Amino acid sequence: MPLNRRDFVARSAVTAAGAALAGGLPMVTATEAAAAPAEQRGREKKKQTFTVMGTTDLHGRVLNWDYFTDAEYDDKAHNDVGLAKIATLVKQIRAEKGCERTLLIDAGDTIQGTQLAYYYARVEPITGKRAPKHPMAVAMNALKYDAAALGNHEFNYGIPLLRAFERQLDFPLLGANALDAKNERPAFPPYVIKELHLGHGRALRVGILGLTNPGIAIWDKANVAGQMVFPGIVEQARKYVPRLRSAGAEVVVVAAHTGADEPSSWGDQLPWGENVAAELAAAVPGIDAVLVGHAHKEIPQRLVTNRETGKTVVLSEPLAWGQRLTCFDFEVEFERGRWNVTSVTSRVLNSNTVPEDKEVVRLIDAQHKKTVAYVNQVIGTCKSELSIAEARFKDVPIIDLIGRVQVDTVKAALVGTSYAALPVLAQAAPFNRTAVIPAGTVKLRDAAGLYIYENTLEARVLTGAQIKDYLEYSAKYFAQLAPGDAVNLDTLTNQANTPDYNFDSVYGVSYDIDLTKPVGSRIVGLTFEGAPVDPAAQFVLAVNNYRANGGGNFPHVAKATVAWSNSEEIRNTMITWVKAKGVIDPAEFGGGTWRLVRNGVPLF
């Protein structure tokens, strides 16, 4: 590795000191040094620099590839994704700064999100004898990560698979607030301390604290209940930052799977916040920088003042999927036997400015090809193209397909039970704005691209009144419009910071959403099989486990009676349904669920 100028000066100083000890240069005694003028002693303070690089929310992306379209990834901004791109940036920073002056960390959500990750969780899992290595472990080990925090999606496939992934890593998975439910002791290492040799003074000790999201207790309840608990991020940081300092950490960086300050998605279901990175920095003294995650936003640099110390803490979040790399650039000074931070700044680097690292591509090539073959299996045909493009503001058949599959599956499961006579409805949401099921041949990746999450299916018993409340809550997604207002599709949806995946329609009933009315009073003409829905009537609602466990904070469903539940991913249920049918015919299930209106006049 070629020396940069700073390395050369530092190493030359060490060489000169060695020559003095050998008698080649005059020695300066401790007494003489103490007697030197204050100005000269001030010059003896040595400032050095180092960089902590960070990624977050990689979601199974190693290559710049979209397994749902079977093509190179691209979006409107022409961003690129993947660890192979990040590897090139990391190598550039290490070459510029020197390997001994850099660390690389991650803020979680690593092993879920692509068909590549799914394949090695479900099709050819990394658990068991002669198990393959997870492609994310292969890539992250190749990049020589120093530590990674747990994300909530790490728990999607269950704790045994997460433990298998952990064993394959050459670095620790950190989770100071992921505790064993039986004794409330850390189930994962809370932190790690790394030493950096900066060429002056003794090694600098950098503490890395990992914190994950308390929402795991809701979102992955089936996988963690009775095994792990997840207390608040700020609360656990108050406990562990002082411990890190007491253990000798002169710099503390937190990798936290939490957004900066967005509202929590779970209402009052938990006493802790979902997105609390800014509060973490403001409330807990002793933190120098926070690598933010979870929110899938880009924050090059945000400065937060700690309320107790008045010190500035730097926050940064690189854009998800390996689109950006955060760099925290530190300046430190060695004085009186210890290192002190004199400045911190942060920036993000864009991965679309560099090529993929050839070594990472080579390491992952065989697993990539195996996954491509898997997703290109033919599972059936479709009579006409189904697109999700207008699903945010129109009832479209591709969303009704999700509802129909869930209704058919739950009806079959309830045969012979006490719930068999109840009508079955189904919840669905637009998860992927680019999903298309083509006319003609349908491949596995087409169905997988429609349902991109590893949700499983449940059935809950709700009344007609509760179904209406559920729909009213979902309708907050839309802006309020007066009868003559122009319709702007860019501002019509996603109101109150509601993501697309929290805009539910309910298949099996029909209704209007009147946008002239305020939130809470928008559902008009709710009918089932042509008749008004009786508020006291009972229905079985097919929902995904995220929603059933309280994700999105929809009313009633989390506390409703469970009629049935299943451990099979809804994505696989859809694939099985298409295979059994052979042909997808939108005429059998599309249309007639909902529409947007203004005083009864359709918006479209």
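Residues numbered from 1 in each chain as written. Predicted model: local features only at pLDDT ≥ 70, side-chain atom pairs only at ≥ 80, totals over all residues. Heavy atoms only, no water.

Participant: Hey, could you go over the overall build of the chain for me, with residue numbers and the actual values?
Facilitator: Regarding its fold elements, the chain presents 18 helices and 31 strands. Overall, the C-alpha framework of the chain stretches about 100 × 55 × 50 Å when taken along its three principal axes. In the chain, which comprises 604 residues, the proportion classed as buried is 55%. Counted over contacts in the chain with a minimum sequence separation of 6, partners at least 24 positions apart contribute 77%. A total of about 24,700 Å² of accessible surface is found on the chain, and carbon and sulfur atoms cover 52% of it. Placing the 64 positive and 65 negative side-chain charges of the chain at their respective mean positions leaves the two points 5 Å apart. (Helix = DSSP H or I, 4+ residues; strand = E, 2+ residues; numbered from the N terminus. Buried < 20%, exposed > 50% of the residue type's maximum accessible area, 1.4 Å probe, protein only. Contact = heavy atoms within 4.5 Å. Areas by Shrake-Rupley, 256 points an atom, 1.4 Å probe, with all protein chains shown as cover. Lys, Arg positive; Asp, Glu negative; His and termini not counted. Charge placed at Lys NZ, Arg CZ, Asp CG, Glu CD.)

Participant: Outline the sheet that holds strand S6 (residues 173-174), supporting the account with residue identities and numerical values.
Facilitator: Pairing is mixed across the open sheet formed by six strands, whose spatial order is S6-S5-S4-S1-S15-S16. On the outer flanks of this sheet lie S6 and strand S16 (338-350), each paired with one strand and no other. Sheet topology places strand S1 (residues 46-55) next to strand S4 (residues 102-106); five bridges connect them, and they run parallel. Paired with Thr51 across the strands is Thr102, a residue of S4. (Pairing = 2+ DSSP bridges.)

Participant: Outline the confidence of the model for the chain, supporting the account with residue identities and numerical values.
Facilitator: Mean pLDDT over the chain: 92, with 93% of residues reaching 70 or higher. Counting interchain partners and residues more than four positions distant, the pLDDT-below-50 stretch residues 1-44 has 32 contacts. (pLDDT = per-residue confidence, 0-100.)

Participant: So what's going on with unusual backbone geometry? Which residues, and what values?
Facilitator: The phi dihedral of Ala496 falls on the positive side, at around 55 degrees, and the residue is not glycine. Counting through the fold element by element, Ala496 comes out in the loop between helix H16 (489-492) and strand S23 (505-507). The phi dihedral of Glu529 is positive, around 50 degrees, even though this residue is not glycine. Inspection of the secondary structure puts Glu529 in the loop between strand S25 (523-528) and strand S26 (531-532).

Participant: Now, about a nonpolar patch on the surface: what can you tell me, with residues and values included?
Facilitator: There is a patch of nonpolar side chains on the surface, built from Val487, Leu489 and Phe604 and spanning about 230 Å² of accessible area. Along the chain, Val487 falls in the loop between helix H15 (464-474) and H16. (Patch = residues over 30% accessible without salt bridge, like charges linked within 9 Å, V, L, I, M, F, W, Y side chains within 5 Å. Salt bridge = Lys/Arg side-chain N within 4 Å of Asp/Glu carboxyl O.)

Participant: How would you sum up the environment of Phe503? Please name residues and give values.
Facilitator: Position of Phe503 relative to the elements: it lies in the loop between H16 and S23. Accessibility expressed as a relative area gives 3% for Phe503, which makes it buried. Counting along the chain gives 32 residues from Phe503 to Leu471, while the straight-line C-alpha distance between them is 9.2 Å. Among all residues touching Phe503, those that are not within four sequence positions of it are Ala391, Arg392, Ala428, Ala429, Pro430, Ser474, Tyr477, Phe478 and Trp594.

Participant: Give me the lowdown on the sheet that holds strand S9 (residues 204-211), citing residues and values where you can.
Facilitator: Read from one edge to the other, the open sheet built from six strands follows the order S8-S9-S11-S12-S14-S13, with strand pairing classed as mixed. Every interior strand has two partners, whereas the edge strands, strand S8 (191-196) and strand S13 (299-305), have only one. Strand-to-strand twist in this sheet, taken as the mean axis angle between neighbours without regard to direction, amounts to 20 degrees. The pairing of S8 with S9 spans six bridges and is classified as antiparallel. In the strand pairing of S9, Tyr191 is matched with Leu209. Packed on one face of the sheet, helix H10 (residues 233-246) meets S8, S9 and strand S11 (251-256) and runs near 160 degrees to S9. (Axes fitted to C-alpha atoms, helices over the stretch in contact; angles between N-to-C directions.)

Participant: Would you mind going over the pairing of strand S12 (residues 289-292) in detail, with residue names and values included?
Facilitator: What you see with S12 is no split at all: Ala289 and Leu291 on one side and Val290 and Val292 on the other are buried throughout. Of the crossover connections in this fold, the one passing from S11 over helix H11 (residues 277-283) to the parallel S12 is right-handed. Strand direction decides the pairing type here: S12 and strand S14 (residues 312-317), joined by three bridges, are parallel. Pairing of Ala289 across the sheet is with Val314, part of S14. (Right-handed = clockwise from strand over helix to strand, strands pointing away.)

Participant: Go over the pattern of salt bridges, please, and point to the residues and values.
Facilitator: Inspection of the entire model under this criterion finds 28 salt bridges. Measuring nitrogen to oxygen at the nearest pair gives 3.5 Å for the salt bridge that ties Lys383 to Asp585. A residue pair is termed long-range when its members are at least 10 positions apart, and Lys383 in the loop between strand S17 (378-382) and strand S18 (386-387) and Asp585 in the loop between strand S29 (583-584) and strand S30 (594-598) qualify at 202 residues. Among the residues examined, Lys383 registers a relative accessible area of 58% and is labelled exposed. Note on Asp585: relative accessible area 16%, which makes it buried. A salt bridge links Arg571 to Glu454; the nearest nitrogen and oxygen atoms lie 2.6 Å apart.

Participant: Describe the pairing of S16, naming the residues involved and giving the relevant values.
Facilitator: Where strand S15 (residues 324-335) lies against S16, twelve bridges are found, and the strand directions are antiparallel. Bridge pairing in S16 places Glu335 opposite Arg338. The turn joining S15 and S16, which pair antiparallel and follow one another in sequence, is formed by two residues; a positive phi near 55 degrees is taken by Arg336.

Participant: Pulling in residues and values, what's your account of helix H12 (residues 358-375)?
Facilitator: With 18 residues, H12 extends 24 Å from end C-alpha to end C-alpha; this agrees with the ideal 26 Å at 1.5 Å per step. Maximum bend of H12: about 55 degrees, positioned at Asp365. Among the residues of H12, those classed as buried are Val360, Ile364, Gln367, His368, Thr371, Val372, Tyr374 and Val375. Sitting at the amino-terminal end of H12 is Asp357, which places a side-chain oxygen 3.2 Å from the backbone nitrogen of Glu359. (Expected span 1.5 Å × (residues − 1). Bend = angle between axes of the 7 residues up to and from the residue. Polar contact = N/O pair within 3.5 Å; in protein donor to acceptor, adjacent residues only side chain to side chain.)

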